[in-house]
Amino acid sequence: MKLYCLSGHPTLPCNVLKFKSTTIMLDCGLDTTSVLNFLPLPLVHSPRLSKLPSWVCKDGTINLEKRELLDLSTIDVILISNYHCMMALPYITEHTGFTGTVYATEPTLQIGRLLMEELVKFMERVPKAQSATCWKNKEIQRMLPGPLKDAVDVWTWKRSYSMQEVNSALSKVQLVGYSQKVELFGAVQVSPLSSGYSLGSSNWIIQSHHEKVAYVSGSSLLTTHPQPMDQSSLKNSDVLILTGLTQMPTANPDGMLGEFCSNLAMTIRAGGNVLVPCYSSGVIYDLLECLYQFIESANLGTTPFYFISPVANSSLEFSQIFAEWLCHNKQSKVYLPEPPFPHAELIQTNKLKHYPSIHGDFSSEFRQPCVVFTGHPSLRFGDVVHFMELWGKSGLNTIIFTEPDFSYLDALAPYQPLAMKCVYCPIDTRLNFHQVSKLLKEVQPLHVVCPEQYTQPPLTQSHRSDLMLELQPPPMPYRRCSVLNLPFRRRYERVYILPELANSLVPSEIKPGVSMATVSAVLHSKDNKHTLQVMPPSKKRKRVMEEPPVVLAPKPLLSGAVPLEAFLATLQKHGITEVKVEETADGHILHLQADDTLIQLEEDGTHIVCDNNEPLRTTLRDLVLRFLQKL
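Each residue is numbered by its place in its chain's sequence as written, counting from 1. In keeping with the model being predicted, local features are shown solely for residues with a pLDDT of at least 70 and side-chain atom pairs are shown and tallied solely at 80 or more, while totals for entire chains, interfaces and linings include all residues. To get the side-chain values, take all heavy atoms of the structure and skip hydrogens and water.

Colleague: An account of the overall build of the protein chain is requested, with residue identities and associated values reported.
Modeller: Counting from the N terminus, the helices are the DSSP runs of H or I reaching at least four residues and the strands are the DSSP runs of E reaching at least two. For the protein chain, the count of helices and strands is 17 helices and 31 strands. Each radius of gyration reported is based on C-alpha atoms, and the globular scaling rule is 2.2 Å times the count of residues to the power 0.38. Since a compact globule built from 631 residues should have a radius of gyration of about 25 Å, the 33 Å found for the protein chain marks it as more spread out than a globular shape. Along the longest, intermediate and shortest principal axes, the C-alpha atoms of the protein chain span 110 × 55 × 50 Å. Note on classification: 1.4 Å probe, protein chains only; a residue is buried when its accessible area is under 20% of the maximum for its type, exposed when over 50%, partly exposed between these limits. Among the 631 residues that make up the protein chain, the fraction classed as buried is 49%. Contact criterion: two residues are considered in contact whenever any of their non-hydrogen atoms come within 4.5 Å of each other. Here the analysis covers contacts within the protein chain between residues at least 6 apart in sequence; of these, 70% occur between residues at least 24 apart. Both charge centroids of the protein chain, one from 56 positive and one from 60 negative side chains, sit 3 Å from each other. When charges are counted, Lys and Arg are positive and Asp and Glu negative, with His and the chain ends excluded. To locate a charge, take NZ of a lysine, CZ of an arginine, CG of an aspartate or CD of a glutamate.

Rendered as structure tokens:
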């Protein structure tokens, strides 16, 4: 069993597991932090941005699929844990010769489609007049400013996919429900479990009859809108692959929500506007719910809230219709009937309005001061670029970062100097190190495999041993482009036996309650299922076609152990007294010095080495057989 790591980003994983002749990709996250190397794409011409010198951030990360490790066309299935971890799917299914199946829950599929559609529309709204690719040439790249000149394999950076590619990729997705068992080629079963992180988010169990692998990615134990995490089904795993822990282990989500609300209220009271760069699904649901409870107490009842995204309407509607994927409290509201999320009431009372873009109705209905939720969190494309240009010059306005995926300092760099206030309130509900350590103690996997980053404290906080995994035995770390041999070997396989062969068996009791029988048969293997069948008749014997097959009587087999002291006593009774005993790692060696003969007594066999003395060898064999049972 091998694990191939194709991603260097622990919260945007892409791993491949080879298990029992099946090749399974675990997630295909798209690392978009490389966009921080480029200037923003404004919706309207920006003289300021067009005059800026080329800017690059301190540290660029690359969106890379590493094809040298294995041929992606050999992947049989792709298991998706949540909609953030499927954004690279079109690159894999449409450009690698992939012919397999993708498994995901319905909310993961539908919301993942929205996020992909949003990304495509963001890019298509600002087409570039020219396309530059020569800079990817190694000779030219080395003359660029850092970090572009130091970036690895920039030739693998891809242009954004099209909606045609998105639709083709998602047509390969097969929907599954929690705890549903899906058989793969008769070799293994896969089953999704609720991970508690987002709508439809899943951990996966991958198991055969005798081995069990758990894949834990993007999980949460906090009480938010999704179904709670299923922990019990993770127990008794041989290997647990752990990834997708919180990116902000020192930031408490509840505390961040409090800071978000208080900074928002202070800005509005001072007559300023609040800009919240965010994804169109996920944390925004919790932000709107928090604001619903906060608005009246903070006297913000007349403040307009705007949600601007090409998929804003669909996102808000989907969150209301996936009732069976919500926590019990929100499920119960559906039967009252009430909308599970309070943003439905905010929309009905016109406190929350949503628009596909800043053009059209928004421009005529827009009034200030207000709160705007829009994308993209990188501040490099989407409607957020327009608001940064519009509001950045006033110190009354505030931008509040809630998504933890991007460095807010790098995101803001092209807009400097900036007068508007900046507040960083990263909200990441995924498991922290304390929670995951407690979880692992409860589910007790034999082995834990995790990204290398989780086995050591952050570089900026090297003294914080609480910000790493400390387990016994230590976890097996992996890094990008590494291949791990997972630490257990398959020892057993399930074999079926045909009834006519089973009827011929004659069991012998070898100890109370345990019987054994020998069998001579043909092993037939097809689609990873193994069957013992009756041996065909010998070709040397002429048989009538209608004559039933003969079950050949098997040769007797020997079982048991040869006790050392009793065997030495038996040898002495038969006149063999000069015996030197040597202990070995596997048993004992008896040297009959007078006869220059060796007897090896081992756990799985007994060997007699006796040259040119057949009578002695026969005698020793018979003495050994006294201690063994015949089957």
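Colleague: I'd like a description of helix H7 (residues 283–294), backed by residues and values.
Modeller: Helical periodicity: at 3.6 residues per turn, an α-helix aligns residues three or four positions apart in one direction. Working rule for helices: expected span equals 1.5 Å times residues minus one. When the terminal C-alpha atoms of H7 are compared, their 16 Å separation across 12 residues agrees well with the 16 Å that a helix rising 1.5 Å per residue should span. Judged by how many residues are buried, H7 sits mostly within the fold: nine of 12 residues are covered. Three or more residues of H7 are buried, namely Val 283, Ile 284, Tyr 285, Asp 286, Leu 287, Leu 288, Glu 289, Cys 290 and Leu 291.

Colleague: Any chance you could break down the UniProt feature "domain: Beta-Casp" (unreviewed entry) in the protein chain for me, citing the residues and the numbers?
Modeller: UniProt positions are given in the numbering used here, feature names are shortened, and annotations may be inferred rather than shown by experiment. The UniProt feature table records "domain: Beta-Casp" (unreviewed entry) at residues 284–412. Taken end to end, residues 284–412 is 40% helix and 12% strand, and its two terminal C-alpha atoms sit 21 Å from one another.

Colleague: With reference to specific residues and values, describe the environment of Tyr 215.
Modeller: For Tyr 215, the location among the structural elements is in strand E10 (residues 212–217). If sequence neighbours within four positions are ignored, Tyr 215 has contacts with Pro 13, Leu 26, Asp 27, Ser 81, Asn 203, Trp 204, Ile 241 and Thr 243. Two N or O atoms count as a polar contact when they lie within 3.5 Å, although within protein this holds only if one can serve as hydrogen donor and the other as acceptor, and sequence-adjacent residues are included solely when both atoms are side-chain atoms. Within the local environment of Tyr 215, its side chain forms a polar contact with the side chain of Asp 27, the two groups lying 2.7 Å apart.

Colleague: Now, about the packing of helix H16 (residues 564–573) against helix H17 (residues 614–625): what can you tell me, with residues and values included?
Modeller: Only the contacting stretch of a helix is used when fitting its axis, a line to C-alpha atoms as for every element, and angles between N-to-C directions run 0 to 180 degrees. Where H16 meets H17, the axes come as close as 11 Å, and the angle between the chain directions of the two elements is 140 degrees. In terms of their interaxial angle, H16 and H17 are classed as oblique. Relative to H17, H16 is oriented so that their crossing is right-handed. When H16 is examined against H17, the residues Phe 567, Thr 570 and Leu 571 are found in contact with a partner set consisting of Leu 620, Leu 623 and Val 624. Its residues placed into classes, the contact of H16 with H17 shows five nonpolar, one polar and no charged. Orientation categories follow fixed angle ranges, with anything under 35 degrees roughly parallel, anything over 145 roughly antiparallel, 65 to 115 roughly perpendicular, and all other angles oblique. Helix crossings are classified by the rotation of the near helix relative to the far one: an anticlockwise turn of less than a right angle makes the crossing left-handed, while a clockwise turn makes it right-handed. In this classification, the charged set is Asp, Glu, Lys and Arg, the nonpolar set is Ala, Val, Leu, Ile, Met, Phe, Trp, Tyr, Cys and Pro, and all remaining amino acids, among them Gly, are polar.

Colleague: Can you break down the state of the cysteines residue by residue, with the values?
Modeller: Put simply, a disulfide is two cysteine sulfurs that come within 2.5 Å. Tallying each qualifying case throughout the model produces zero disulfides. The cysteine Cys 14 is free of any disulfide, with Cys 28 supplying the nearest cysteine sulfur at 6.1 Å. Cys 422 supplies the cysteine sulfur nearest to Cys 425, a cysteine that is in no disulfide, at a spacing of 9.3 Å.

Colleague: Can you tell me about the sheet that holds strand E12 (residues 274–277), naming the residues and giving the values?
Modeller: By way of backbone hydrogen bonds, the strands of a sheet pair with one another, either parallel or antiparallel. The rule for pairing is simple: two strands pair if DSSP sees at least two bridges between them. One open sheet accounts for six strands, arranged E14-E13-E15-E12-E16-E17; its pairing is parallel. Whereas interior strands pair on both sides, the edge strands pair on one side only; in this sheet they are strand E14 (352–355) and strand E17 (421–424). The average angle at which neighbouring strand axes cross in this sheet is 20 degrees, direction not considered. As paired elements, strand E13 (residues 305–308) and strand E15 (residues 371–374) share four bridges and run parallel to each other. Bridging across to E15, Ile 308 finds its partner in Thr 374. The strands touched by helix H8 (residues 312–321) are E13 and E14; relative to E14, the strand with the most contacts, the crossing angle is about 125 degrees.

Colleague: I'd love a proper account of the nonpolar core, names of residues and values included.
Modeller: Here, nonpolar core refers to any group of buried Ala, Val, Leu, Ile, Met, Phe, Trp, Tyr and Cys residues whose side-chain atoms link them within 4.5 Å. Met 25, Ile 78, Leu 89, Leu 264 and Phe 373 are the most contacted members of the largest nonpolar core, which has 106 residues in total. Top contributing element to this core by residue count: helix H3 (residues 106–124), with eight residues. Not counting the four nearest positions on each side in its chain, Phe 373 is found in contact with Phe 260, Val 276, Cys 278, Ile 284, Leu 287, Leu 288, Leu 291, Phe 305, Tyr 306, Phe 307 and Ile 308. In terms of nonpolar packing, the next biggest core, distinct from the first, is built from 26 residues, Leu 3, Ile 24, Leu 26 and Val 77 among them.

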